[in-house]
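# Results of the structural survey
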Amino acid sequence: MATSEELHKRRVEAVARGVGSTIPAYVDRAGGGTITDVDGREWIDFAAGIAVTNVGNSAPRVVEAVRAQVERFTHTCFMVAPYESYVAVCEQLNALTPGGFEKRSALFNSGAEAVENAVKIARHATGRPAVVVFDHAYHGRTNLTMALTAKNMPYKHRFGPFAGEVYRVPMSYPLRDGGLDGATAAARSIEMIEKQVGAENVAALLIEPIQGEGGFVVPAEGFLPALREWATAAGVVFVADEIQTGFCRTGDWFACEHEGVEPDLITLAKGIAGGLPLAAVTGRADLMDAVHVGGLGGTYGGNPIACAAALASMETMRELDLAAAARRIGAVMGERLRAIAAGDPRVVEVRGRGAMLAMEIVVPGTLTPDPAATAAISAACHAAGLLTLTCGTYGNVLRFLPPLAISDDELGRGLDILAAAFG
Ligand code: PLZ
């Protein structure tokens, strides 16, 4: 077998430079909470492919379901010749997502595609043009979703012009907004919408209940409910982007449940199908069904292999109670992260929920972000066998997203490596 170094040389000659990788090692196999490269080196996985393999890599039920489906048929296109698994995934999403009202779902391939479709549906149903998003938001890399995403580098730089009718308002970010309470932070954002856009022009308010790429920003309590309440009164479609927070990651099936928020539409992807590409928009039947027949779709959306994987993933989450696992991981990890923070003044905050935790890194005694220190700590983890990711508008957040199927032993070893990387 080729070595990671050899593969890297081939990659540089063959793969476009614009596609980056966190580590220069090439995967041979992965399972549970460990990734092994072609040279036999191991990493404890605190990335889960960016919050995707919540059930673990090659989870047994997923492998079995995919194998069985591949043998029956690989693709007919649901828009041409439909099949049961697509319907079954939609039934499950309608039942699992928050909101006791009647729902419908539609399936797509990627998170960005789900977000694009949620905006299409909200615009179509309301007849309004504007979309409101937040500082630090991340919603994807397609043209519309780049417009919805806040951060220039690396996502938007020189890729414009971007789609119009996108308006950005402040996020509740307690560490950096002077600790505004949720209601006050929401009032500030709402006033900006009303004065600068006009509520009657707004089709959708789109928000990540805990921001992912933007820095694992957890809004102050009451922020999401206040926005939800305003959207209802204003006839604005409240869209929760749960692409990173969904499927047990935060200790509930969906992060909105934490404060009892019921979105009109939810965008889903990542954890939905144990690593196979699948995404969805789930929401109020009246909104979803407003769109004319044939108005939504795509060749691969709800591919049968991805649907089989999704059904097996959701079954695994239920069977192993992975929401409880996320809470357990959060308790163990949170304690260790707070201990590290207590002994290192660069860590200004430990935040997150369940198995979605982060540390924000600053110049000690200030709120000045320190992306160089963040990158150095992350690199030390990689060198010592722990796969960590960074995020944040300022590149100064270390984030931890282990598979929810990680073993106690792997989790403990990973946290030991992390503690050592802080020195
Ligand atoms: N919405 C909340 O987290 C994807 C992006 C990685 P896609 N986040 C990882 C990268 O650098 O491209 C994401 C998300 C939220 C939307 C998306 C987009 O999902 O499946 O990557 O299109």
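Counting starts from 1 at the beginning of each chain's written sequence and moves along it residue by residue. Only residues with pLDDT of 70 or above have their local features reported here, since the model is predicted, and side-chain atom pairs are shown and tallied only from 80 upward, although totals for entire chains, interfaces and linings are computed over all residues. Processing note: side-chain calculations cover all non-hydrogen atoms of the structure and skip hydrogens and water entirely.

## Description of the sheet that holds strand E11 (residues 347-353)
When DSSP finds two or more bridges between two strands, those strands count as paired. Elements are defined by DSSP. Helices are runs of H or I of four residues or more, strands are runs of E of two residues or more, and each kind is numbered from the N terminus. Taken together, the 4 strands give an open sheet; going across it, the order is E11-E12-E15-E14, and neighbouring strands pair in antiparallel fashion. Since the sheet does not close on itself, it has two edges, and those belong to E11 and strand E14 (389-391), each with one partner. Between one strand axis and the next, the sheet turns by 25° as a mean value, whatever way the strands run. Where E14 and strand E15 (residues 397-400) come together, 3 bridges link them in antiparallel fashion. Directly across from Thr-390, in E15, lies its bridge partner Leu-398. Helix axes are fitted only over the stretch in contact, all axes being lines through C-alpha atoms; the angle between N-to-C directions runs from 0 to 180 degrees.

## Some words on the site of the ligand
Near residues are defined by distance, with any heavy atom within 4 Å of the molecule or strand qualifying the residue. Lining the immediate surroundings of the ligand are 15 residues, of which Gly-111, Ala-112, Arg-141, Asp-241 and Gln-244 lie closest. A distance of 2.8 Å separates an oxygen atom of the ligand from a polar atom in the backbone of Gly-111. Interatomic distance of 3.3 Å between a side-chain N/O atom of Tyr-138 and an oxygen atom of the ligand. Protein contacts shield 82% of the accessible area of the ligand, which totals 510 Å² for the unbound molecule. Amino acid classes used here: Ala, Val, Leu, Ile, Met, Phe, Trp, Tyr, Cys and Pro are nonpolar; Asp, Glu, Lys and Arg are charged; the rest, including Gly, are polar. Residue composition of the shell around the ligand, by class: 5 nonpolar, 5 polar and 5 charged. For this analysis, a polar contact is any N or O atom pair within 3.5 Å, provided that within protein one partner can donate a hydrogen and the other can accept it, and provided that sequence-adjacent residues contribute only side-chain to side-chain pairs. Each accessible area value is a Shrake-Rupley result obtained with a 1.4 Å probe; residue values ignore everything except the protein chains displayed when judging cover.

## Considering the packing of aromatic side chains
Two rings belonging to Phe, Tyr or Trp (six-membered ring only in the last case) form a pair when the distance between their centres is within 6.5 Å. Interplanar angles under 30 degrees mark stacking, angles over 60 mark edge-to-face geometry, and anything in between is tilted. Going through the model one piece at a time under the given rule, you end up with 9 aromatic pairs. When the centroid spacing of 5.6 Å and the interplanar angle of 65° are considered together, the rings of Phe-73 and Tyr-83 count as edge-to-face. Note that Phe-73 is positioned in the loop between helix H3 (60-72) and helix H4 (84-96) and Tyr-83 in the loop between H3 and H4, a separation of 10 residues in sequence. Given the relative accessible area of 9%, Tyr-83 is considered buried. Taking 4.8 Å as the distance between ring centres and 65° as the angle between the ring planes, the aromatic pair formed by Tyr-138 and Tyr-155 counts as edge-to-face. Summary of the burial criterion: residues with accessible area below 20% of their type's maximum are buried, those above 50% are exposed, and those between are partly exposed, where the area comes from a 1.4 Å probe applied to protein chains only.

## Some details on the packing of H3 against helix H10 (residues 304-319)
Running from N to C, H3 and H10 cross one another at 155°; their axes reach a closest spacing of 8 Å. On the basis of the axis angle, H3 is roughly antiparallel to H10. For the pair H3 and H10, the sense of crossing is right-handed. Facing Arg-61, Val-62, Ala-65, Val-66, Gln-69 and Val-70 of H3, the residues of H10 in contact are Pro-304, Ile-305, Ala-308, Ala-309, Ala-312, Ser-313, Glu-315, Thr-316 and Glu-319. Small angles under 35 degrees read as roughly parallel and large ones over 145 as roughly antiparallel, with 65 to 115 read as roughly perpendicular and the rest as oblique. Left-handed describes a crossing in which the near helix is turned anticlockwise from the far one by less than a right angle; the clockwise case is right-handed. Working rule for contacts: check all heavy atoms of both residues, and any pair within 4.5 Å makes them a contact.

## What to know about helix H5 (residues 111-126)
Multiplying 1.5 Å by the residue count of a helix minus one yields the expected span of that helix. The first and last C-alpha atoms of H5 sit 23 Å apart over 16 residues, in line with the 22 Å expected at 1.5 Å per residue. Buried residues of H5: Gly-111, Ala-112, Ala-114, Val-115, Asn-117, Ala-118, Val-119, Ile-121 and Ala-122, and no others. Two residues or fewer after H5 comes Gly-127, characterised by a positive phi angle close to 70°.

## Remarks on the pattern of salt bridges
A pairing counts as a salt bridge when a side-chain nitrogen of Lys or Arg comes within 4 Å of a carboxyl oxygen of Asp or Glu. Per the counting criterion, the structure on display carries 18 salt bridges. Put simply, Glu-360 and Arg-176 hold a salt bridge, and the shortest N to O gap is 2.7 Å. You can see Glu-360 sitting in strand E12 (residues 356-361) and its partner Arg-176 sitting in the loop between strand E6 (166-169) and helix H7 (182-196), a full 184 residues away along the chain. Accessibility expressed as a relative area gives 0% for Glu-360, which makes it buried.

## As for the state of the cysteines
Only a pair of cysteine sulfur atoms within 2.5 Å counts as a disulfide in this structure description. A complete count under the given rule lists 0 disulfides for this structure. The thiol of Cys-90 is not disulfide-bonded; the next cysteine sulfur, from Cys-307, is found 7.3 Å away. In this structure Cys-307 comes out as buried when scored by relative accessible area, which is 0%.

## So, the domain arrangement of the chain
Each domain's limits were defined by an automated method or a database of domain assignments. Domain annotation for the chain reports domain 1 (4-58 + 321-421) and domain 2 (62-320). Its C-alpha centre places domain 1 at a distance of 24 Å from the equivalent point of domain 2. Contact residues are listed per partner, giving 40 residues for domain 1 and 37 residues for domain 2. Two parts lose some accessible area (1.4 Å probe) when they are put together, and adding that loss for both gives the buried area. Where domain 1 abuts domain 2, roughly 3100 Å² becomes buried across the two surfaces, and 58% of that area is made up of carbon and sulfur atoms. When the area that domain 1 buries against domain 2 is broken down by residue, the three leading residues are Val-55, Arg-353 and Met-356, summing to 25%. At the boundary of domain 1 and domain 2, one finds 2 salt bridges.

## Quick notes on the sheet that holds strand E2 (residues 34-37)
Strand order in the open sheet made by the 4 strands is E1-E2-E3-E13, with mixed pairing throughout. With one partner strand each, in any of the chains shown, strand E1 (27-31) and strand E13 (386-387) form the two edges of the open sheet. Looking at chain direction, strand E3 (residues 42-45) and E13 are connected through 2 bridges and run parallel. Note that in E13 the partner of Asp-45 across the bridge is Leu-387.

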